[in-house]
Protein chains: 2
Amino acid sequence: MKDNLQLRDGKVILSEEPLVLETPLENLGEFITPTKLFYVRNHFPIPTIDKSKWRLRIEGEVDKPFEINFDELTRLESREIPVTLECAGNGRRFLEPKVKGVQWNIGGVSNAAWTGVPLATLLDRAGLKSSAIEIILEGTDHGLLDDPKAPRGEINFARSIPIKKVRDVVLAYQMNGVDLPPEHGFPVRAIVPGWYAVASVKWLQRIIATDKPFNGYYQTLDYSFWKREGDHARLTALSDIQIKAVITSPAEGETVAANSNLRVRGAAWTGHDEIIKVEVSSDNGSNWKEARLMGESKPNAWRLWEFNWQAPAKAGQATLIARATDSAGHTQPTTRDADRGSYMINHLAPIQVDVR
Amino acid sequence: MKDNLQLRDGKVILSEEPLVLETPLENLGEFITPTKLFYVRNHFPIPTIDKSKWRLRIEGEVDKPFEINFDELTRLESREIPVTLECAGNGRRFLEPKVKGVQWNIGGVSNAAWTGVPLATLLDRAGLKSSAIEIILEGTDHGLLDDPKAPRGEINFARSIPIKKVRDVVLAYQMNGVDLPPEHGFPVRAIVPGWYAVASVKWLQRIIATDKPFNGYYQTLDYSFWKREGDHARLTALSDIQIKAVITSPAEGETVAANSNLRVRGAAWTGHDEIIKVEVSSDNGSNWKEARLMGESKPNAWRLWEFNWQAPAKAGQATLIARATDSAGHTQPTTRDADRGSYMINHLAPIQVDVR
């Protein structure tokens, strides 16, 4: 983990085209991630959009399809919510054997305050038909896919959500109190709280109600997993964020003084429930002690935590593991489920520090 | 096409494990394909099943799940229907550039008389709930998949059909008047008329009503195609057989006498409609003449046809193309749609003969 990392505006460059930037470890310790340090995961070039010409169309299985412009949208009743977004492949670097895809360390996650209009407001105005089973969120970003199994020709980035998820979704035009920057979806991105960030489509241009499963590329051949059911497995679009705690300080490989009192810090988050406990083990999981949860619990946002640790008296390697539990009783698996492919990486991930 | 073909019981061996056998050209010219010449496409080793111990379970979204044995099943009211089954990859040998998968010539298709019990009879007895949206047909055959994107661990072969397709399906225990042979699904296979044969699951062991899309391996990562819709493409399970005419005589590369009167023969089939016309062109598609349709039209079975052709007076290469049209106005495309991947191969396929 002591590579020479290429940085841009303080973020680690994982890919230039498409742009993928990771939030460095030391910036995961604040409740609100500053916008310029918020991780970036794009799939196509960033579209250049003129806010005054931008239109969002609401169509498909609705009684009255319509278009709305930016001024009209921002005059509607809005709400501001802190929401943690995590890339579904965050932590991929820890998978053994190595798998293809962006090699995220733990920083494919950030938390911001999002201001926007509830998706339900627009669907109510359009008159959603009872035939609609999913809502497709379509971005302006588009291109060709480098995958022989993908559709031929260009596609737009798009993701669908089931009708029952609509009430959670906000169409955000501000991030931490100001306009979205281009790389985060200017002028409007969907925020789908509790779901992996792939669903929070950037550069929104269309909202399409559909009467059949969407099954687009980014929820079938990509960003999906196998849900095992006895003799079968169903290819399932990634959705709910899986519970996870990360240690943000000390860093993997950091040197700590023997016998010193150390403050171990981290963050923990889960899909739809509340983080109620974070525990830390310094003996490879034989014993666990509770960490202190900081601040207040907010739905769909991470919870910071701290733990006082006395480093061993003897020099050598020491191991720290954090484990979160939520109000629904979810906790982190100790081993990896291979049917998750290269996604939903939340098994226990020990870090090692050098005691000197 | 003049390779040294390895034969088994008159069929061309395309693969030993799993067993894949192609019906030779000369046997595509009879309305009923003799059982021993009927093409074979398996995915796992053939299960050994004791008919006296075999049970079929009907379960899932039903009021009264139950099991039925072979004697009980065959005492129910049955029907016999001629149904043409075609492998969704039939004709793959004609794709340019070459694609992976079984390299079928035109003989991944056959027609048999199937005797069995309507699927609806069993679902009525079980009391299908209104929550059911699909019926999963599960085979006894199972194994590991050689695909890094596939589920880990063994799966059973399985395919689903939507509720609206149920009324067409027969659970067949006889093929051409006698018990199914092991390679064709003994003791019972589903027959899904009008659909590519992948849906006609062999060695049936379970019928599961489900309230959510099945999305199993054989209808997502395999046996699927991209249905393009403007900016998007939906990953869609292969279902309806696409209209197609093949020339079974003369064979590709066969020598014919200059100026002779030749009978060109073939078969034509389509998904759910009726073949109403087959045309032949001997000038690369500039002019088309109608062929004679033989016998009676039967739903979901192929139609044989003949065409009298006067071979050119001059020695050289001559080209023949057949083209079918059905009662819904479908006809064969002249070029290939790349979003079909390596499936649904029904574009016009000229054959060449040597005129001497």
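Residues numbered from 1 in each chain as written. Chains lettered and ligands numbered in written order. Predicted model: local features only at pLDDT ≥ 70, side-chain atom pairs only at ≥ 80, totals over all residues. Heavy atoms only, no water.

## Here's the deal with the overall build of chain A
Counting its secondary structure elements, chain A contains two helices and 25 strands. For chain A, whose C-alpha radius of gyration is 21 Å, the value lies close to the compact-globule estimate of 21 Å for 356 residues. Seen along its three principal axes, the alpha-carbon backbone of chain A occupies a region of about 70 × 50 × 40 Å. For chain A, the accessible surface area stands at approximately 15200 Å², while carbon and sulfur atoms represent 48% of it. For chain A, the separation between the mean place of its 44 positive charges and that of its 46 negative charges on side chains is 2 Å. (Helix = DSSP H or I, 4+ residues; strand = E, 2+ residues; numbered from the N terminus. Rg over C-alpha atoms; globule rule 2.2 N^0.38 Å. Areas by Shrake-Rupley, 256 points an atom, 1.4 Å probe, with all protein chains shown as cover. Lys, Arg positive; Asp, Glu negative; His and termini not counted. Charge placed at Lys NZ, Arg CZ, Asp CG, Glu CD.)

## Re the interface of chain B and chain A
Each partner contributes to the interface: chain B provides 33 residues, whereas chain A provides 33 residues. With both chains or domains summed, chain B and chain A bury close to 2700 Å², and 47% of this area falls on carbon and sulfur atoms. On the chain B side of the interface with chain A, the three residues burying the most area are B:Trp226, B:His232 and B:Arg234, jointly 25% of the side's total. Where chain B touches chain A, the interface holds four salt bridges. In this structure, the salt-bridge partner of A:Lys212 is B:Glu229, at a minimum N-O distance of 3.8 Å. The interface formed by chain B and chain A holds 22 residue pairs in polar contact (both at pLDDT 80 or more) in total. Elements represented by at least two residues in the side of chain B that touches chain A include exactly strand 9 (134–143), strand 10 (155–162), strand 14 (204–210), strand 15 (224–229) and strand 16 (232–237) of chain B. For the side of chain B that touches chain A, the class distribution of residues is 14 nonpolar, eight polar and 11 charged. (Contact = heavy atoms within 4.5 Å. Buried area = accessible area lost by both parts, 1.4 Å probe. Salt bridge = Lys/Arg side-chain N within 4 Å of Asp/Glu carboxyl O. Polar contact = N/O pair within 3.5 Å; in protein donor to acceptor, adjacent residues only side chain to side chain. Nonpolar A, V, L, I, M, F, W, Y, C, P; charged D, E, K, R; others polar.)

## Focus on helix 2 (residues 119–126) of chain A
All names here are of chain A. Of the residues making up helix 2, those classed as buried are Leu-119, Leu-122, Leu-123 and Ala-126. Looking down the long axis of helix 2, one finds its buried residues gathered within 95 degrees of arc, a one-sided arrangement. One or two steps after helix 2, the chain reaches Gly-127, where phi turns positive at roughly 75 degrees. (Buried < 20%, exposed > 50% of the residue type's maximum accessible area, 1.4 Å probe, protein only. Arc of directions from axis to C-beta.)

## Here's the deal with the sheet that holds strand 5 (residues 55–60) of chain A
All names here are of chain A. Strands sit in the order 6-5-14-9-10 across an open sheet of five strands; the sheet is mixed. Since the sheet does not close on itself, it has two edges, and those belong to strand 6 (66–69) and strand 10 (155–162), each with one partner. The mean angle between the axes of side-by-side strands here comes to 20 degrees, regardless of whether they run parallel or antiparallel. Bridging between strand 9 (residues 134–143) and strand 10 involves seven bridges; their strand directions are antiparallel. Paired with His-142 across the strands is Asn-156, a residue of strand 10. Sheet contacts for helix 2: strand 5, strand 6, strand 9, strand 10 and strand 14 (204–210); angle to strand 6, the most-contacted strand, approximately 140 degrees. (Pairing = 2+ DSSP bridges. Axes fitted to C-alpha atoms, helices over the stretch in contact; angles between N-to-C directions.)

## Some points on the pattern of salt bridges
One pass over the full model with this rule turns up 40 salt bridges over all chains. The closest approach of N and O atoms between B:Arg57 and B:Glu67, which form a salt bridge, is 3.9 Å. Of the two residues, B:Arg57 sits in strand 5 (residues 55–60) while B:Glu67 sits in strand 6 (residues 66–69), which places them 10 residues apart along the sequence. Each of the salt bridges in this network shares a partner with another, and the network as a whole consists of A:Arg57, A:Glu59, A:Glu67, A:Glu138, A:Arg206 and B:Asp231.

## Overview of the domain arrangement of chain A
Residue and element names in this part refer to chain A. If you check the domain split of chain A, you get domain 1 (7–237) and domain 2 (244–355). For domain 1 and domain 2, the distance between their C-alpha centroids amounts to 28 Å. Between domain 1 and domain 2, the residue contacts involve 35 residues of the former and 24 residues of the latter. Each partner contributes to the roughly 2400 Å² buried at the junction of domain 1 and domain 2, and carbon and sulfur atoms together form 63% of this total. When the buried surface of domain 1 facing domain 2 is broken down by residue, Leu-25, Phe-31 and Leu-95 rank first, second and third, together holding 20% of it. Between domain 1 and domain 2 we count two salt bridges in total. Between Lys-244 and Glu-86 there is a salt bridge, with the nearest N and O atoms lying 2.9 Å from each other. (Domains from an automatic or database assignment.)

## A few points about the relation of the copies chain B and chain A
Superposition of the two copies of the chain requires a rotation about an axis together with a shift along that axis. With an axial shift of 0.1 Å and an RMSD of 0.0 Å, the rotation relating chain B to chain A amounts to 180 degrees. What the rotation and shift describe, once combined, is the action of a two-fold rotation axis. Looking at chain B, 100% of its interface residues are interface residues in chain A too, so the copies touch through the same face. (Least-squares fit on C-alpha atoms with pLDDT ≥ 70 in both.)

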